[in-house]
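# Inside the fold
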Amino acid sequence: MAGRVEGKVAFITGAARGQGRSHAVRLAQEGADIIAIDICKPIADDMLIPASTPEDLAETADLVKGLNRRVVTAEVDVRDCDALKAAVDSGVEQLGRLDIIVANAGIGNGGDTLDKTTEKDWQDMIDINLSGVWKSVKAGVPHLLEGGRGGSIVLTSSVGGLKAYPHCGNYVAAKHGVVGLMRSFAVELGQHMIRVNSVHPTHVNTPMVMNDGTFKMFRPDLENPGPDDMAPICQLFHTLPIPWVEPEDISNAVLFLASDESRYITGLTLPVDAGSCLK
(Lines give C-alpha, C1' and ligand atoms only; values in the text may rest on other atoms or scores of the structure.)
Protein backbone atom coordinates (compact mmCIF):
# COMPACT_ATOMS: atom_id res chain seq x y z
CA MET A 1 0.00 0.00 0.00
CA ALA A 2 1.65 3.24 -1.16
CA GLY A 3 1.01 6.75 0.09
CA ARG A 4 0.22 5.85 3.70
CA VAL A 5 1.32 9.33 4.87
CA GLU A 6 0.76 11.13 1.56
CA GLY A 7 0.79 14.91 1.82
CA LYS A 8 1.86 14.96 5.46
CA VAL A 9 4.94 16.54 7.03
CA ALA A 10 7.08 14.74 9.60
CA PHE A 11 9.57 16.29 12.02
CA ILE A 12 12.32 13.77 12.86
CA THR A 13 15.18 14.22 15.33
CA GLY A 14 18.46 12.33 15.10
CA ALA A 15 17.88 12.07 11.36
CA ALA A 16 21.46 12.16 10.08
CA ARG A 17 21.97 8.40 10.16
CA GLY A 18 20.83 5.14 11.75
CA GLN A 19 17.21 4.82 12.77
CA GLY A 20 16.45 8.50 12.21
CA ARG A 21 17.62 8.40 8.61
CA SER A 22 15.70 5.19 8.05
CA HIS A 23 12.52 6.78 9.45
CA ALA A 24 12.95 9.81 7.17
CA VAL A 25 13.38 7.64 4.10
CA ARG A 26 10.52 5.29 4.98
CA LEU A 27 8.05 8.09 5.61
CA ALA A 28 9.19 9.85 2.44
CA GLN A 29 8.63 6.63 0.49
CA GLU A 30 5.03 6.77 1.70
CA GLY A 31 4.49 10.39 0.70
CA ALA A 32 5.66 12.59 3.60
CA ASP A 33 7.84 15.67 3.42
CA ILE A 34 10.49 15.80 6.11
CA ILE A 35 11.94 18.24 8.65
CA ALA A 36 15.20 16.49 9.60
CA ILE A 37 17.46 17.62 12.41
CA ASP A 38 20.59 16.25 14.05
CA ILE A 39 23.38 17.65 16.20
CA CYS A 40 26.00 16.51 13.64
CA LYS A 41 28.91 16.74 16.10
CA PRO A 42 30.16 15.03 19.26
CA ILE A 43 28.34 15.93 22.46
CA ALA A 44 31.55 15.31 24.41
CA ASP A 45 35.21 14.54 23.77
CA ASP A 46 35.04 11.16 25.47
CA MET A 47 32.10 9.59 23.61
CA LEU A 48 32.81 6.00 22.57
CA ILE A 49 30.35 6.12 19.67
CA PRO A 50 31.49 8.18 16.66
CA ALA A 51 29.31 11.24 16.15
CA SER A 52 27.12 12.00 13.16
CA THR A 53 28.37 14.66 10.75
CA PRO A 54 26.89 17.41 8.55
CA GLU A 55 27.68 15.15 5.60
CA ASP A 56 25.50 12.42 7.14
CA LEU A 57 22.55 14.81 7.41
CA ALA A 58 23.10 15.98 3.84
CA GLU A 59 23.03 12.36 2.69
CA THR A 60 19.70 11.86 4.46
CA ALA A 61 18.35 14.92 2.66
CA ASP A 62 19.58 13.60 -0.69
CA LEU A 63 17.84 10.28 -0.07
CA VAL A 64 14.56 12.05 0.67
CA LYS A 65 14.91 14.29 -2.38
CA GLY A 66 15.60 11.20 -4.46
CA LEU A 67 12.09 10.05 -3.57
CA ASN A 68 10.67 13.34 -4.93
CA ARG A 69 9.80 14.60 -1.48
CA ARG A 70 10.71 17.95 0.05
CA VAL A 71 13.09 18.13 2.99
CA VAL A 72 14.30 20.84 5.36
CA THR A 73 17.38 20.17 7.49
CA ALA A 74 19.00 21.88 10.46
CA GLU A 75 21.90 21.12 12.78
CA VAL A 76 20.28 21.28 16.20
CA ASP A 77 21.03 19.96 19.68
CA VAL A 78 17.83 18.58 21.24
CA ARG A 79 18.96 20.05 24.56
CA ASP A 80 18.44 23.54 23.07
CA CYS A 81 14.76 24.46 23.32
CA ASP A 82 15.07 27.72 21.38
CA ALA A 83 17.00 26.12 18.53
CA LEU A 84 14.47 23.29 18.30
CA LYS A 85 11.58 25.74 18.11
CA ALA A 86 13.34 27.79 15.46
CA ALA A 87 14.05 24.70 13.35
CA VAL A 88 10.48 23.42 13.54
CA ASP A 89 8.99 26.86 12.93
CA SER A 90 11.19 27.32 9.87
CA GLY A 91 10.40 23.86 8.56
CA VAL A 92 6.67 24.38 8.92
CA GLU A 93 6.91 27.77 7.25
CA GLN A 94 8.65 26.18 4.26
CA LEU A 95 6.59 22.98 4.04
CA GLY A 96 3.24 24.38 5.09
CA ARG A 97 2.14 22.10 7.93
CA LEU A 98 3.12 19.53 10.55
CA ASP A 99 1.41 16.19 11.12
CA ILE A 100 3.98 13.78 12.59
CA ILE A 101 6.68 14.11 15.25
CA VAL A 102 9.28 11.37 15.60
CA ALA A 103 11.44 12.12 18.66
CA ASN A 104 14.25 9.70 17.87
CA ALA A 105 17.51 11.44 18.84
CA GLY A 106 19.45 9.73 21.59
CA ILE A 107 22.81 8.58 22.84
CA GLY A 108 24.13 5.39 24.36
CA ASN A 109 26.73 5.22 27.07
CA GLY A 110 27.25 2.63 29.73
CA GLY A 111 29.58 0.09 31.21
CA ASP A 112 29.38 1.16 34.85
CA THR A 113 26.96 0.19 37.57
CA LEU A 114 24.74 3.03 38.76
CA ASP A 115 26.76 3.58 41.91
CA LYS A 116 29.87 4.14 39.77
CA THR A 117 28.23 6.15 36.97
CA THR A 118 29.68 9.66 36.79
CA GLU A 119 27.43 12.65 37.28
CA LYS A 120 28.33 13.83 33.77
CA ASP A 121 27.33 10.52 32.16
CA TRP A 122 24.08 10.58 34.11
CA GLN A 123 23.29 14.18 33.21
CA ASP A 124 24.17 13.86 29.51
CA MET A 125 21.91 10.82 29.25
CA ILE A 126 18.94 12.44 30.98
CA ASP A 127 19.38 15.75 29.15
CA ILE A 128 19.40 14.13 25.71
CA ASN A 129 17.41 10.89 25.97
CA LEU A 130 14.65 12.23 28.22
CA SER A 131 14.59 16.02 28.37
CA GLY A 132 15.50 16.20 24.68
CA VAL A 133 12.45 14.10 23.82
CA TRP A 134 10.20 16.40 25.84
CA LYS A 135 11.72 19.50 24.22
CA SER A 136 11.35 18.03 20.73
CA VAL A 137 7.66 17.28 21.23
CA LYS A 138 7.15 20.65 22.92
CA ALA A 139 8.58 22.38 19.83
CA GLY A 140 6.20 20.60 17.47
CA VAL A 141 2.92 20.41 19.38
CA PRO A 142 1.83 24.03 18.74
CA HIS A 143 1.89 23.32 15.00
CA LEU A 144 -0.14 20.14 15.41
CA LEU A 145 -2.72 22.07 17.43
CA GLU A 146 -2.78 24.95 14.97
CA GLY A 147 -3.35 22.55 12.08
CA GLY A 148 -6.49 21.20 13.71
CA ARG A 149 -6.14 17.88 11.89
CA GLY A 150 -4.93 15.78 14.80
CA GLY A 151 -1.56 14.11 14.39
CA SER A 152 0.78 11.38 15.49
CA ILE A 153 3.75 11.56 17.83
CA VAL A 154 6.16 8.64 18.07
CA LEU A 155 8.81 8.54 20.79
CA THR A 156 11.82 6.26 20.53
CA SER A 157 12.32 4.40 23.78
CA SER A 158 13.98 0.98 24.01
CA VAL A 159 13.52 -2.49 25.39
CA GLY A 160 15.48 -0.81 28.18
CA GLY A 161 12.38 1.36 28.68
CA LEU A 162 10.36 -1.72 29.59
CA LYS A 163 12.84 -3.75 31.64
CA ALA A 164 16.20 -3.26 33.30
CA TYR A 165 19.69 -4.21 32.21
CA PRO A 166 22.84 -3.92 34.32
CA HIS A 167 25.66 -1.48 33.59
CA CYS A 168 23.50 1.05 31.76
CA GLY A 169 21.15 2.27 34.49
CA ASN A 170 21.24 5.88 33.30
CA TYR A 171 20.03 4.73 29.86
CA VAL A 172 17.36 2.47 31.40
CA ALA A 173 16.14 5.32 33.62
CA ALA A 174 15.90 7.75 30.70
CA LYS A 175 14.12 5.27 28.44
CA HIS A 176 11.62 4.38 31.20
CA GLY A 177 11.05 8.11 31.54
CA VAL A 178 10.18 8.32 27.84
CA VAL A 179 7.27 5.96 28.52
CA GLY A 180 6.00 8.35 31.18
CA LEU A 181 6.29 11.25 28.75
CA MET A 182 4.45 9.28 26.08
CA ARG A 183 1.55 8.38 28.34
CA SER A 184 1.25 11.91 29.75
CA PHE A 185 1.31 13.51 26.30
CA ALA A 186 -1.25 10.94 25.11
CA VAL A 187 -3.64 11.86 27.92
CA GLU A 188 -3.17 15.60 27.45
CA LEU A 189 -3.38 15.68 23.64
CA GLY A 190 -5.99 13.00 23.02
CA GLN A 191 -8.83 15.53 23.03
CA HIS A 192 -7.25 17.06 19.92
CA MET A 193 -7.04 13.70 18.09
CA ILE A 194 -3.27 13.76 18.54
CA ARG A 195 -2.03 10.25 19.22
CA VAL A 196 1.18 9.53 21.13
CA ASN A 197 2.95 6.17 21.18
CA SER A 198 6.43 4.78 21.76
CA VAL A 199 8.57 2.22 19.96
CA HIS A 200 10.94 -0.05 21.87
CA PRO A 201 13.76 -1.45 19.76
CA THR A 202 16.15 -4.15 20.82
CA HIS A 203 19.69 -4.03 19.38
CA VAL A 204 19.56 -2.36 15.96
CA ASN A 205 22.17 -2.58 13.23
CA THR A 206 23.21 1.08 13.37
CA PRO A 207 26.38 2.96 14.38
CA MET A 208 25.08 3.20 17.97
CA VAL A 209 25.50 -0.57 18.30
CA MET A 210 28.06 -1.33 15.61
CA ASN A 211 31.13 0.39 17.05
CA ASP A 212 34.31 -0.62 18.83
CA GLY A 213 33.14 0.64 22.21
CA THR A 214 30.03 -1.53 22.18
CA PHE A 215 31.96 -4.54 20.88
CA LYS A 216 34.38 -4.24 23.79
CA MET A 217 31.57 -3.72 26.32
CA PHE A 218 29.90 -6.95 25.19
CA ARG A 219 33.14 -8.91 24.79
CA PRO A 220 35.69 -7.60 27.31
CA ASP A 221 37.38 -11.00 27.13
CA LEU A 222 38.68 -10.27 23.62
CA GLU A 223 41.39 -7.82 22.59
CA ASN A 224 39.80 -6.65 19.32
CA PRO A 225 36.20 -7.90 19.16
CA GLY A 226 33.97 -7.29 16.15
CA PRO A 227 30.33 -7.82 15.15
CA ASP A 228 30.74 -11.57 14.76
CA ASP A 229 32.09 -11.80 18.30
CA MET A 230 29.22 -9.76 19.73
CA ALA A 231 26.45 -11.53 17.78
CA PRO A 232 26.17 -14.67 19.97
CA ILE A 233 25.84 -12.51 23.09
CA CYS A 234 23.20 -10.30 21.49
CA GLN A 235 21.23 -13.32 20.35
CA LEU A 236 20.94 -14.48 23.97
CA PHE A 237 18.71 -11.47 24.62
CA HIS A 238 16.09 -12.66 22.13
CA THR A 239 13.45 -15.33 21.71
CA LEU A 240 13.85 -15.30 17.93
CA PRO A 241 17.25 -16.64 16.81
CA ILE A 242 18.73 -13.33 15.64
CA PRO A 243 21.30 -10.99 17.21
CA TRP A 244 19.77 -7.69 16.10
CA VAL A 245 17.13 -6.10 13.90
CA GLU A 246 17.56 -3.66 11.01
CA PRO A 247 16.67 0.06 11.08
CA GLU A 248 13.84 -0.49 8.60
CA ASP A 249 12.18 -2.86 11.07
CA ILE A 250 11.78 0.06 13.47
CA SER A 251 10.81 2.40 10.63
CA ASN A 252 7.95 0.12 9.62
CA ALA A 253 6.60 0.36 13.17
CA VAL A 254 7.00 4.15 13.12
CA LEU A 255 5.20 4.30 9.77
CA PHE A 256 2.29 2.26 11.13
CA LEU A 257 1.96 4.53 14.16
CA ALA A 258 2.24 7.65 11.97
CA SER A 259 -0.38 6.48 9.49
CA ASP A 260 -4.15 6.39 9.69
CA GLU A 261 -3.93 2.61 10.00
CA SER A 262 -3.37 3.24 13.71
CA ARG A 263 -5.84 6.13 13.91
CA TYR A 264 -7.35 4.96 17.21
CA ILE A 265 -4.13 3.70 18.81
CA THR A 266 -2.62 5.93 21.48
CA GLY A 267 -0.65 5.31 24.65
CA LEU A 268 0.91 2.14 23.18
CA THR A 269 4.37 0.78 23.98
CA LEU A 270 5.30 -1.15 20.82
CA PRO A 271 8.33 -3.44 21.14
CA VAL A 272 10.30 -4.37 18.03
CA ASP A 273 12.48 -6.69 20.00
CA ALA A 274 12.71 -10.22 18.54
CA GLY A 275 10.98 -11.41 21.70
CA SER A 276 13.39 -9.81 24.14
CA CYS A 277 10.56 -8.77 26.47
CA LEU A 278 9.63 -12.44 26.86
CA LYS A 279 12.91 -13.12 28.61
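Residues numbered from 1 in each chain as written. Predicted model: local features only at pLDDT ≥ 70, side-chain atom pairs only at ≥ 80, totals over all residues. Heavy atoms only, no water.

## Thoughts on the nonpolar core
- With 40 residues, the main nonpolar core has F11, L98, V137, I153 and L155 as its most contacted residues.
- For this core, the secondary structure elements donating two or more residues are β1 (9–13), β2 (33–38), α3 (81–95), β4 (100–103), α4 (119–147), β5 (151–156), α5 (169–189) and β6 (194–201).
- With 10 residues, the single largest contributor to this core is α5.
- Ranked by size, the runner-up nonpolar core spans 29 residues in total, among them V64, I100, V102 and V204. (Core = buried A, V, L, I, M, F, W, Y, C linked by side-chain atoms within 4.5 Å. Buried < 20%, exposed > 50% of the residue type's maximum accessible area, 1.4 Å probe, protein only. Helix = DSSP H or I, 4+ residues; strand = E, 2+ residues; numbered from the N terminus.)

## Regarding the packing of aromatic side chains
- Enumeration according to the criterion identifies two aromatic pairs in this entry.
- Each ring, one from Y165 and one from F237, has its centre 5.5 Å from the other, and the planes form 50°; the classification is tilted. Remark: F237 occurs in the loop between α7 (227–235) and α8 (247–258) and Y165 occurs in the loop between β5 and α5; sequence separation between them is 72 residues.
- Relative accessible area serves as the criterion here: at 21%, Y165 is assigned to the partly exposed category.
- Judged by centre distance (6.1 Å) and plane angle (50°), the ring pair of F218 and F237 falls under tilted. Placement of F218 in helix α6 (residues 212–218) and of F237 in the loop between α7 and α8 is noted, with a sequence separation of 19 residues between them.
- Members of the aromatic cluster, each reached through a chain of ring pairs, are Y165, F218 and F237. (Phe/Tyr/Trp six-rings, centres within 6.5 Å; stacked < 30°, edge-to-face > 60°.)

On their own, these measurements won't tell you what the molecule is for.
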